[in-house]
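An overview of the molecular structure
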Amino acid sequence: MSEVKIALAKGRLEQLTLAAFQEIGIEFPDFTKDSRKLIFEDKNHQYQIVLVKASDVPTYVEKGAADIGIVGKDTLLENGADVFEVLDLGFGRCKFAVAGLPEQKNNQSSKLTVASKYPKVAKDYYHKKGISIETIKLNGSVELAPLIGLSDVIVDIVETGRTLKENGLEVLEDISEISARLVVNKASFKTKTDRIHSLIQDIESVIEKQTVS
Ligand SMILES: Nc1ncnc2c1ncn2[C@@H]1O[C@H](COP(=O)(O)OP(=O)(O)OP(=O)(O)O)[C@@H](O)[C@H]1O
Ligand SMILES: O=P(O)(O)OC[C@H]1O[C@H](OP(=O)(O)OP(=O)(O)O)[C@H](O)[C@@H]1O
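Going by what an unreviewed UniProt entry lists, the protein is known as ATP phosphoribosyltransferase and is assigned to Salinibacillus xinjiangensis. Quoted verbatim from the Function (unreviewed entry) heading of the UniProt record, the comment on the protein is "Catalyzes the condensation of ATP and 5-phosphoribose 1-diphosphate to form N'-(5'-phosphoribosyl)-ATP (PR-ATP). Has a crucial role in the pathway because the rate of histidine biosynthesis seems to be controlled primarily by regulation of HisG enzymatic activity." As its UniProt record puts it under Subunit (unreviewed entry), the protein is described as follows: "Heteromultimer composed of HisG and HisZ subunits."

Attention now goes to the packing of aromatic side chains. For the structure on display, the rule yields five aromatic pairs. Taking 6.3 Å as the distance between ring centres and 70 degrees as the angle between the ring planes, the aromatic pair formed by Phe21 and Phe28 counts as edge-to-face. In this structure Phe21 comes out as buried when scored by relative accessible area, which is 1%. Ring geometry for Tyr125 against Tyr126: centres 5.3 Å apart, planes inclined by 75 degrees, an arrangement best described as edge-to-face.

There is about 1,100 Å³ of room inside the largest pocket. Around the largest pocket, the lining is made up of 36 residues, and of these Arg12, Asp74, Lys117, Tyr118 and Ile157 lie nearest the centre. Of all the secondary structure elements, the ones that give two or more residues to the lining of the largest pocket are α1 (12-23), α3 (73-79), β9 (153-158) and α6 (162-166). Looking at which element gives the most residues to the lining of the largest pocket, the answer is α3, with four residues.

The immediate surroundings of ligand 2 are formed by 13 residues, with Ser141, Glu143, Thr160, Gly161 and Thr163 found nearest. Take Lys117: an N or O atom from its side chain is 3.4 Å from an oxygen atom of ligand 2. The side chain of Thr163 places a nitrogen or oxygen atom 2.4 Å from an oxygen atom of ligand 2. Against a free-state accessible area of 500 Å², the protein chains account for coverage of 74% of ligand 2. Of all the secondary-structure elements, those providing two or more residues to the shell around ligand 2 are β9 and α6. Among the elements that take part in the shell around ligand 2, β9 stands out by supplying three residues, more than any other. For the shell around ligand 2, the per-class residue count stands at two nonpolar, five polar and six charged.

Within the open sheet, the six strands sit side by side as β2-β3-β1-β4-β11-β5. Their pairing is mixed. In the strand order of this sheet, the two ends are held by β2 (39-41) and β5 (84-88), each with one partner. Shown here is a sheet whose adjacent strand axes are inclined to one another by a mean of 25 degrees, direction ignored. Of the strand pairs in this sheet, strand β1 (residues 4-9) and strand β3 (residues 47-52) are connected by six bridges, and their pairing is parallel. Within β3, the residue paired with Leu8 across the bridge is Leu51.

Each value, and the rule that gives it
Residues numbered from 1 in each chain as written. Chains lettered and ligands numbered in written order. Predicted model: local features only at pLDDT ≥ 70, side-chain atom pairs only at ≥ 80, totals over all residues. Heavy atoms only, no water. UniProt positions renumbered as here; feature names shortened; annotations may be inferred. Phe/Tyr/Trp six-rings, centres within 6.5 Å; stacked < 30°, edge-to-face > 60°. Buried < 20%, exposed > 50% of the residue type's maximum accessible area, 1.4 Å probe, protein only. 1 Å grid on protein atoms, 1.4 Å probe; cavity = no way out; pocket = protein on both sides within 12 Å on 5 of 7 lines; lining within 4 Å. Points joined across faces, edges and corners; volume = space filled by probe spheres on them. Helix = DSSP H or I, 4+ residues; strand = E, 2+ residues; numbered from the N terminus. Near = heavy atom within 4 Å. Polar contact = N/O pair within 3.5 Å; in protein donor to acceptor, adjacent residues only side chain to side chain. Areas by Shrake-Rupley, 256 points an atom, 1.4 Å probe, with all protein chains shown as cover. Nonpolar A, V, L, I, M, F, W, Y, C, P; charged D, E, K, R; others polar. Pairing = 2+ DSSP bridges. Axes fitted to C-alpha atoms, helices over the stretch in contact; angles between N-to-C directions.

See below:
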């Protein structure tokens, strides 16, 4: 029987996901923090993890290079991949927000410029409000943009709020809640139904346990 391939986002979600798998008895013995390997097998040879950049997880799953993936809702919204989103994993919690200098609160400009790692999310949000914006795509340190006059505001992830605070910025508008999601390739959902369903159920029971305790 072929293994179930799991695309795992490198970075913040990596250890949280491995911990969830460990709870349900799926362990990857070769997976160590300082390893440069990108493919890992579980000890029972049922699952294979491929370690990919967070923003690439939806692509691997949509194309069927991986059967399932673990990725933030933020990345799913930005990527727009055609995958089944089957489970809210409850970890990796943060939110999308519009942020900026306090004086931007009442900026009604019809030429608002918005810097973001998530230009699609930013456009969709303002489009729903009937406001057209100019987006500036950045790949990090987004909080710099309004400080040095690159944009009026930013659309970014806020977790503790520390990055905003230390740079004199504040949340101007909340957009939506974010957490890690389990996504499944549409064809794999049919061809590997039993194994994927049982994996989903096992993970669900771990999440429920965590919510109760
Ligand atoms: N403070 C946070 N900042 C960013 N992402 C967070 C935060 N807290 C939780 N997350 C979640 O963790 C996911 C992975 O974040 P991570 O920083 O590892 O990757 P990334 O930002 O997409 O990659 P990179 O930093 O390489 O561009 C995010 O997509 C988001 O869902
Ligand atoms: O509310 P906080 O707890 O401060 O977390 C939010 C910050 O974390 C993320 O940045 P990240 O650390 O991924 O750095 P980068 O996007 O600048 O690379 C995000 O883009 C914010 O800048």
